[in-house]
Amino acid sequence: MINRLKSFAHQGTLRFNNQMKKALVCLIGLVSLSAGVCAQKTDRFMGEIVNYDEGAVPAYTLPDILLTTKGKKIKTVSAWKKQRRPELLALFEEHVYGKTPDSFDSVKFMVTNENAVAMAGKAHLKEVTITAWNHGHSVSFPVVLFIPNKRTKPAPAFLLINNRNSRNTDPARVEKSTFWPAEMVIDNGYAIAAFHHSDVAPDRKDSYQNGVLKQLFPEVLEKDNGMKAIGVWAWAASRVMDYFKTDKDIDFNKVALVGHSRGGKTSLWSAAQDQRFAMVFSSCSGSTGASLARRKYGETISLINKQFGYWFNNNYKKYSNDVNSLPVDQHMLIGLIAPRPVYTTNATEDRWADPYGSFLSLRNAKAVYDLYGEKVALPKNMPGVNMPIIHSAIGYHFREGKHDLNVYDWTNFIRFANHHFNL
Ligand code: GTR
């Protein structure tokens, strides 16, 4: 817990320092104003120049999402499923997020606390402990779940990978947070669940191993293509799906996975692997999330590897200074979610996450949705601020404000889910 707080304090300081720098540069009049933010064109971070100048993004060529490594053009859903999809998954495992172990011995669920009249009678609270076993060792982590009482059938659900304060998901509802607006979600007829990422892999470079990796899969720690923190967080989301399968109050075919920032990178990777997730939301996920790796704008592979190398496998470090040799780019991660609906977000004050690079990633994933005949209604150019795209298998909004997950985001997630789940 203390570690978690320290890590957030650290990020807070970094962001604050950056804000201060920006404000100073504004004051001495070296820059122009754009989107309400002082738009300086470069910054320095960890010994590198960070580019924020659209005109200075070097040219790049994206790998073709529908061309196999053997040079075969994919033209049908069945060829996509049999050849290209498994090939791309394997490439992401090998070069980016690491390989998730194929199996483990068993998983068990225990409801440790229940309240059928939580939230003033509106919801049924279940606190569930998930315990996974492998080779005689086990790891347990808690899940908080509220299910709406006003319903005639099993409820569709949102599952959040909580990478912020654990009090955001307070089961007693003494504390309430816009990061996980549980009452609002319940009022809209959805169940809402969450687990904390650090309960399965601590979010620190010196201790991420303590949890699932050391206990269940120690051999993975030796491998250059072994999963690290993001791989474990994604694996844990799948264990919650295992639980949902056993809970008759949940509509197992309508579960949407939600994550913000590092959690948003994780939600995409988790849903790419685990096709039981019917829908995915990825908020401000940036580098190695929804944003294209080849675009040199904001955070790059080099910067993310320096700061957060323990999220990705060892092989990913090879691409810090050679992004063009990476055999995948992030549009392919979005493509792996097809034909399921996916929605990503960006914020005007979060250039670090490269909003345009994230939009381009969605546009370039469209080819896979087209194969399936799914309607993708993304405009050609970046949509305006606060203009959500809902009636499209790939949804998106670019909202005003800072790097965050908030009520505006959740409001549009619910609209998107209502539309695609026909609710
Ligand atoms: C940032 C990091 C991003 C993003 C974010 C977060 O500092 O550079 O890639 O993941 O943290 O998770 O809040």
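Remember, it's a predicted structure, so these values are computed and weren't measured experimentally. (Residues numbered from 1 in each chain as written. Predicted model: local features only at pLDDT ≥ 70, side-chain atom pairs only at ≥ 80, totals over all residues. Heavy atoms only, no water.)

## Section: the overall build of the protein chain
Phase 1 of the analysis: For the protein chain, the count of helices and strands is 10 helices and 13 strands.
Phase 2 of the analysis: Relative to the globule expectation of 22 Å for 423 residues, the C-alpha radius of gyration of the protein chain, 21 Å, shows essentially globular dimensions.
Phase 3 of the analysis: Taken over the C-alpha atoms alone, the protein chain extends approximately 60 × 50 × 45 Å along its principal axes.
Phase 4 of the analysis: Expressed as a percentage of the 423 residues in the protein chain, the buried residues total 58%.
Phase 5 of the analysis: Here the analysis covers contacts within the protein chain between residues at least 6 apart in sequence; of these, 69% occur between residues at least 24 apart. (Helix = DSSP H or I, 4+ residues; strand = E, 2+ residues; numbered from the N terminus. Rg over C-alpha atoms; globule rule 2.2 N^0.38 Å. Buried < 20%, exposed > 50% of the residue type's maximum accessible area, 1.4 Å probe, protein only. Contact = heavy atoms within 4.5 Å.)

## A look at the site of the ligand
Phase 1 of the analysis: Around the ligand, the surrounding shell holds 12 residues, and the nearest of these are Ser261, Arg262, Lys265, Glu299 and Trp352.
Phase 2 of the analysis: One nitrogen or oxygen atom from the side chain of Lys265 is found 2.8 Å from an oxygen atom belonging to the ligand.
Phase 3 of the analysis: Glu299 places a side-chain nitrogen or oxygen 2.6 Å from an oxygen atom of the ligand.
Phase 4 of the analysis: Across the complex, the protein chains shield 95% of the 310 Å² of accessible surface that the ligand would expose by itself.
Phase 5 of the analysis: Secondary-structure elements contributing two or more residues to the shell around the ligand are helix 1 (2-27), helix 6 (262-273) and helix 7 (301-308).
Phase 6 of the analysis: At 3 residues, the largest contribution of residues to the shell around the ligand is made by helix 7.
Phase 7 of the analysis: Residue classes in the shell around the ligand are distributed as 4 nonpolar, 4 polar and 4 charged. (Near = heavy atom within 4 Å. Polar contact = N/O pair within 3.5 Å; in protein donor to acceptor, adjacent residues only side chain to side chain. Areas by Shrake-Rupley, 256 points an atom, 1.4 Å probe, with all protein chains shown as cover. Nonpolar A, V, L, I, M, F, W, Y, C, P; charged D, E, K, R; others polar.)

## Concerning the packing of helix 5 (residues 229-246) against helix 6
Phase 1 of the analysis: Look at helix 5 against helix 6: their axes get within 8 Å of each other, and the N-to-C directions meet at 60 degrees. Judged by the angle between their axes, helix 5 and helix 6 are oblique. Seen along the crossing, helix 5 lies across helix 6 with a hand that is right-handed. In contact with Ile230, Gly231, Trp233, Ala234, Ala237 and Ser238 of helix 5, helix 6 contributes Arg262, Lys265, Thr266, Trp269, Ser270 and Gln273.
Phase 2 of the analysis: When grouped by side-chain class, the residues that make up the contact of helix 5 with helix 6 number 5 nonpolar, 5 polar and 2 charged. (Axes fitted to C-alpha atoms, helices over the stretch in contact; angles between N-to-C directions. Parallel < 35°, antiparallel > 145°, perpendicular 65-115°, else oblique. Left-handed = near helix turned anticlockwise from the far one by under 90°.)

## Some words on helix 7
Phase 1 of the analysis: Most of helix 7 is tucked away, with 7 of its 8 residues classed as buried.
Phase 2 of the analysis: Ile301, Ser302, Leu303, Ile304, Asn305, Gln307 and Phe308 are the residues of helix 7 that are buried.

## With respect to the confidence of the model for the protein chain
Phase 1 of the analysis: Counting all residues, the mean pLDDT for the protein chain is 93, and 91% of those residues have values of 70 or more.
Phase 2 of the analysis: Predicted confidence is poor over residues 1-37, with pLDDT under 50, and the contacts of this stretch with residues over four places away or in other chains come to 43 contacts. (pLDDT = per-residue confidence, 0-100.)

## Considering the environment of Ala271
Phase 1 of the analysis: Considering the arrangement of structural elements, one finds Ala271 in helix 6.
Phase 2 of the analysis: In this structure Ala271 comes out as buried when scored by relative accessible area, which is 0%.
Phase 3 of the analysis: Residues Ala271 and Val111, spaced 160 residues apart in sequence, show a C-alpha to C-alpha distance of 25 Å.

## Structural notes on the sheet that holds strand 9 (residues 191-196)
Phase 1 of the analysis: One open sheet accounts for 9 strands, arranged 5-6-7-9-8-10-11-12-13; its pairing is mixed. Of all strands in the sheet, those bounded by a partner on one side alone are strand 5 (106-118) and strand 13 (394-399). The mean angle between the axes of side-by-side strands here comes to 20 degrees, regardless of whether they run parallel or antiparallel.
Phase 2 of the analysis: Strands in contact with helix 9 (residues 355-372) are strand 12 (342-347) and strand 13; relative to strand 13, the strand with the most contacts, it is inclined by about 170 degrees. (Pairing = 2+ DSSP bridges.)

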